Amino acid sequence: MGRYVMTLALVIAASASPVRAHHAFAAEFDAKKPVKFDKAVVTKVEWTNPHSWIHVDVPLANGTKEAWAIEAGTPNVLFRRGFTKDALKPGMVIVIDGYRAKDGSHRANGRNLTLPNGQTLFLGSSGTGAPAS
Amino acid sequence: MKSAPRFLPIAILVGAVTIVVSAQTSKAPRTSWGAPDLQGIWNTNTFLPLERAAKFGTRPTMTEEEHAQELAGLQERNKRPGRDSRDVAGKPGVGTEKDVARAYNEFWFGDKPTKLSYSTSMVIDPADGRIPAFTPDAAQRIAAKKEFLAALLQGTSGGRPGSISPRRGDPSPDYNLDRINRADGPEDRGGPERCFGNGVPVVMGTGTFGGVMQLVQSTDSVSLYYDIGQGSGFAYVIPITKRPHLPKNIQLYRGDAIGHWEGDTFVADVTNFSDETDFHGARENLHLVMRFKRVDAHTLSVQFTVDDPTTWTKSWTAVQELERADEKTTLVLEPGCHEGNYGLMGMLINTRAAEKAFREGTGPNPATQDNATGGGDN
Amino acid sequence: MATRSIWRGVALAVAAIGLALAVSSIRTTGESSTRDARVADGHPNLNGIWQASNTANWDLLPHAVHPAVSQPGVYANHPVLAAPVVALGAVGLVPPGPGVVEGDEIPYTPDAAARKKENGERWLDRDPEVRCYMPGIPRAMYMPYPFQITQSANKIQMVFAYANASRTIFLEEAPLPPADKWMGHSVGHWEGNTLVVHVTNFNDRTWLSRAGDFHSDALDVVERLTPVTPDALRYEVTLTDPNVYTRPWKMSMVLYRQLEENATLMDFRCLEFVEETFLGHLRKNQLVKHWEGDTIVLDVTRRVPEGDKKYER
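Residues numbered from 1 in each chain as written. Chains lettered and ligands numbered in written order. Predicted model: local features only at pLDDT ≥ 70, side-chain atom pairs only at ≥ 80, totals over all residues.

### Regarding the overall build of chain A
Counting secondary structure elements, chain A contains three helices and six strands. Moving toward the C terminus, one meets the helices and strands of chain A in the order α-α-β-β-β-α-β-β-β. For chain A, buried positions account for 43% of its 133 residues. Within chain A, contacts between residues separated by at least 24 positions form 49% of all contacts whose residues are at least 6 apart in sequence. (Helix = DSSP H or I, 4+ residues; strand = E, 2+ residues; numbered from the N terminus. Buried ≥ 20, exposed ≤ 12 C-beta atoms within 10 Å, placed from the backbone. Contact = placed C-beta atoms within 7 Å.)

Now the structure itself:
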């Protein structure tokens, strides 16, 4: 059984197919700079490969707001699981946490995202499917 | 009619063969012009490893008992947390490089396979179901590249202990397609991160991450479209033609494909690959022959034979059976990757920023960080 | 009696083999089929490699010769080649063309017209073609590079040499895309000899020409492809986009089948090459800095924008 698993791992390592081909987040984002936004308002979603980008306006204490871009995963899996662009639309209020870009810009690697209906992406069971709507 | 008795046995034999042949192929649909119909949207939800586990020896098929055992093993592995676990060495990993690298969990890699093939491997030749050994030269160049990768990880959380290697200033010993622990320029980030797209042949993965292959066919050509991975899909037209291959000095990422029919099998012969190609270690000298056959209404057999005397000691052949997906409901998505590749830009920008911070004394030396493996899981 | 029925069976079998062989040798090898004006189901044969033969990708409207990148010259209305193209000489010019737009006018709203003008002036920075991005529809159809059509009863697949762009024209029901696409979603049907294609679900990222013609994500395209000879298709396109145009407008041109025996669709793979163009400023050590010809010396200075502007495309 152990050898079987090793074979699989070797295949993944050696294969031309980029099985888990997302880029190295650690090169972009800083583990020492966590961010969390409790009331981020979605302004635009770029449903692109290799990673979707969720643009949000984050309200600040002084009443102004700040624009942030949050990196998410490939949309293809979401789409095949029943999501459409309606699942995450401008105007929706979401909870996001993640790690900030090393250059201090308003970009972050999304770690957990909670949709208005309470569904959480990124963390949790792989049973998260399409939203109830 | 005088000759009839002499020819009768032959004619009956021919008649019988016709009946047998038409019975076999009647399961496989045909196009309106009479060719075997290879068309459809194809994917796989059945797990089948590329290479055979040694315990199966030279047996291409498992017994019922073995299948039950392997299936149980597969289900067990499916339950493992994998990327769902954010622990590092048994403790929560918040604030670690690994936590950043594992930002999204198993959900983003699609559903796990629940079916298991009775075949023991995709590789059917050589007899042991495993890819043949590398030639000595190939083994050497691959080992040299692995050593270069290891040198760049030396002294980081993802590599062997030691000081920062002076090789960090060296160029890659090959056309780099790996993810190396450096970001001096785009070439350091390797194929997938630069959105190179999958090469050929495609060994399809299972489920929603494995994606789909759409095949459209005419009397003139077979046009494949792969929608796989994170936008690593591509279009691939195989013309049915007698023209020769392009001159040897013309090197293409997915080679030069020429198609023809051999009975009911569509054969594509592909040469003229480039050093940006990498198929299990084979680069520009790869020679690929793909064979497509419509097995029955629900199954397309895709077989490939590869040879490269500068890489493997002999040729090898693997076969994958793809399952037909419903055309009315199955999504075939756009391949875009390069268009949305902020990630590559981000890696360069932020590495420059990290270098600047180090120069100014406000940040750690980027060379001491693992920006490649993500803590042991890419 | 038994012998006679055996004979009949055998005769039928032999005939069947003969027919099967005859059919398979014509219909599966397909060597002469691109010369057939019609395919098996009776529709015009669109299989093969096609290419437009005009300057529409430069500019859809009628245009005289002018520099691809301009700067003012000695005379007010005679610009000269600017630095990015001066070493190219005639190769750095936009060739003249009579245009492909009906009525010679693209009916932009005033705001959109201003943006188009800006796009044209800044096309090196803004044109998605420069980045090797997917060109969208209709632009992919008239870029000066070939594309190959594979035509079946329920789908027409087009693969473009440029950037490996592709699209499927669905002739039967197909699921709508879940998000907007660079190449749109194409649904087609035959009206006699004309293939009519309705393309929707565009994003707003593609252009229609290097002159800066653009659209929003509300773009709606209807294409009509009609053979004028077995090897030439009249290609007519009606574009509607209430966010950008004041009314629908139309372009029209002819697409030509490549008749060379060894015509081949080669992959015009640009993405590795354009990295230097749009990421070169982010290298640790600059690579493209200086170039010398006999009479021209070029020095390249890269510029990294500040803050979040670094990420803007």
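### Observations concerning the overall build of chain C
For chain C, the count of helices and strands is five helices and 15 strands. Buried residues in chain C amount to 35% of all 313 residues.

### Focus: the pairing of strand β4 (residues 93-101) of chain A
All names here are of chain A. As judged from the seven bridges shared by strand β1 (residues 29-46) and β4, these two strands associate in the antiparallel manner. Residue Val35 lies in a different strand from β4, and its bridge partner there is Gly98. By the bridge criterion, six bridges tie β4 to strand β5 (residues 107-114) in an arrangement that is antiparallel. Within β5, the residue paired with Val95 across the bridge is Thr114. The turn linking β4 back onto β5 is made up of five residues, and Gly104 within it adopts a positive phi angle of 80°. (Pairing = 2+ DSSP bridges.)

### Section: the confidence of the model for chain C
Residue and element names in this part refer to chain C. Residues at a pLDDT of 70 or more form 88% of chain C, whose mean pLDDT is 91. For residues 19-34, every residue scores under 50 in pLDDT, and the model assigns this stretch 21 contacts once sequence neighbours within four places are set aside. Across the interface, the model reports ipTM at 0.89; the global pTM reads 0.88. (pLDDT = per-residue confidence, 0-100.)

### As for the nonpolar core
Among the nonpolar cores identified, the biggest contains 106 residues, and Trp42 and Tyr236 of chain B together with Ala140 and Phe160 of chain C are the most heavily contacted of them. Other than its neighbours up to four places away in sequence, Phe160 of chain C contacts Ala140, Tyr145, Phe147, Ala165 and Ser166 of chain C. One finds Phe25, Ala40 and Ile70 of chain A together with Leu282 of chain C within the second-largest nonpolar core, a separate group that totals 35 residues. (Core = buried A, V, L, I, M, F, W, Y, C linked by C-beta atoms within 7 Å.)

### Quick notes on the sheet that holds strand β10 (residues 194-200) of chain C
Adjacent strands of a sheet pair through backbone hydrogen bonds, lying either parallel or antiparallel. Residue and element names in this part refer to chain C. Taken in spatial order, the nine strands line up as β1-β6-β7-β8-β9-β10-β11-β12-β13 and close into a barrel, and their pairing is mixed. Adjacent strand axes in the sheet meet at a mean angle of 30°, parallel and antiparallel pairs treated alike. Bridge count between strand β9 (residues 185-191) and β10: seven bridges; the pairing is antiparallel. Each residue of the ladder has a partner; that of Trp190, found in β10, is Leu195. (Axes fitted to C-alpha atoms, helices over the stretch in contact; angles between N-to-C directions.)

### Section: the environment of Lys55 of chain B
In this structure, Lys55 of chain B sits in the loop between β2 (46-47) and α2 (64-78). Here the alpha-carbon distance between Lys55 of chain B and Thr311 of chain B, two residues 256 residues apart in the chain, equals 26 Å.

### Description of the confidence of the model for chain A
Residue and element names in this part refer to chain A. On average, residues of chain A score 73 in pLDDT, and 73% of them are at 70 or above. Mean pLDDT values over the elements of chain A span from 32, in helix α1 (residues 2-14), up to 93, in strand β2 (residues 53-59). Within the model, pLDDT remains below 50 along residues 1-21, and this stretch shows 38 contacts once partners closer than five positions in the same chain are excluded.

### Observations concerning unusual backbone geometry
Most peptide bonds take the trans configuration, and most residues that are not glycine carry a negative phi. Residue Asn49 of chain A is joined to Pro50 of chain A through a cis peptide bond whose omega torsion reads -10°. Structurally, Pro50 of chain A can be placed in the loop between β1 and β2. For the bond running from Val200 of chain B to Pro201 of chain B, omega is 0°, close enough to zero to count as cis. The backbone of Asp104 of chain C shows a phi angle near 50°, a positive value even though the residue is not glycine. In this structure, Asp104 of chain C sits in the loop between β5 (93-94) and α2 (110-121). Phi at Asn164 of chain C takes a positive value of approximately 55°, unusual for a residue other than glycine. Note on placement: Asn164 of chain C falls in the loop between β7 (155-160) and β8 (166-170).

### Overview of the pairing of β5 of chain A
Residues and elements named next belong to chain A. Across the eight residues of β5, six count as buried, placing the element largely inside the fold. As paired strands, strand β3 (residues 65-71) and β5 are joined by three bridges and run parallel to one another. Paired with Glu71 across the two strands is Asn109, which belongs to β5. Here β5 pairs with strand β6 (residues 120-121) via two bridges, running antiparallel. Each residue of the ladder has a partner; that of Thr114, found in β6, is Thr120. What sits between β5 and β6 in their antiparallel hairpin is a turn of five residues, with Gly118 showing a positive phi close to 95°.

### Some details on the environment of Arg115 of chain C
Examined against the element boundaries, Arg115 of chain C turns out to sit in helix α2. Between the alpha carbons of Arg115 of chain C and Phe214 of chain C there is a distance of 8.8 Å; along the sequence they are 99 residues apart.

### Some points on the domain arrangement of chain C
Examined at the domain level, chain C breaks down into domain 1 (48-62 + 97-257) and domain 2 (273-311). Domain 1 of chain C and domain 2 of chain C are separated by 32 Å when their C-alpha centres are compared. (Domains from an automatic or database assignment.)

### Some details on helix α4 (residues 136-153) of chain B
Residues and elements named next belong to chain B. Between its first and last C-alpha atoms α4 spans 26 Å; for 18 residues at 1.5 Å apiece the expected length is 26 Å, and the two agree. Ala151, Leu152 and Leu153 are the residues of α4 that are buried. Where α4 ends, the next residue or the one after it, Gly155, has phi of about 85°, a positive value. (Expected span 1.5 Å × (residues − 1).)

### A short note on the environment of Gln217 of chain B
Among the structural elements, Gln217 of chain B can be located in strand β7 (residues 212-217). Residue class for Gln217 of chain B comes out buried when judged on the 27 C-beta atoms lying within 10 Å of it. Sequence spacing of Gln217 of chain B and Thr63 of chain B is 154 residues, and the spatial spacing of their C-alpha atoms is 37 Å. Discounting residues that sit within four places of it in the chain, Gln217 of chain B has contacts with Thr31, Leu38, Gln39 and Val222 of chain B together with Thr150 and Ser152 of chain C.

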